[in-house]
Amino acid sequence: QKPEKLLDRIITASSKTGNVILDPFQGTGTTAVIAKRLKRKYIGIEIDKKYITIAKKRLKEELL
């Protein structure tokens, strides 16, 4: 898992609002959460159902 501050810097430096961020190894969804905060669209790929459940919960909480 990458630190949120690092992902924030990487996504901000390499994309613009509305761009799509691809994370082919989504894990717990940290990249998707940061992309959402920065008003980017995102695509996450994960095969482990446990991690998918965690990522969905994190993204849902980000809406609140």
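Up top you'll find the structure we're talking about.
Right, let's walk through the structure included here. (Residues numbered from 1 in each chain as written. Predicted model: local features only at pLDDT ≥ 70, side-chain atom pairs only at ≥ 80, totals over all residues. Heavy atoms only, no water.)

Topic: the overall build of the chain
For the chain, the helix and strand inventory stands at three helices and two strands. Counting from the amino terminus, helix and strand elements in the chain follow one another as α-β-α-β-α. For the chain, the C-alpha atoms occupy an extent of roughly 30 × 25 × 20 Å along the three principal directions. Here the chain, with 64 residues, has 31% of them falling under the buried criterion. Counting contacts in the chain only where the partners sit at least 6 residues apart, residues at least 24 apart contribute 45% of the total. (Helix = DSSP H or I, 4+ residues; strand = E, 2+ residues; numbered from the N terminus. Buried < 20%, exposed > 50% of the residue type's maximum accessible area, 1.4 Å probe, protein only. Contact = heavy atoms within 4.5 Å.)

Observations regarding the side chain of Thr 30
Following the sequence through the fold, Thr 30 ends up in helix H2 (residues 30-37). Non-local contacts of Thr 30, meaning those with residues more than four positions away in its chain, are made with Gln 1, Lys 2, Glu 4, Leu 7 and Arg 58.

Taken by themselves, the reported measurements are silent on function.
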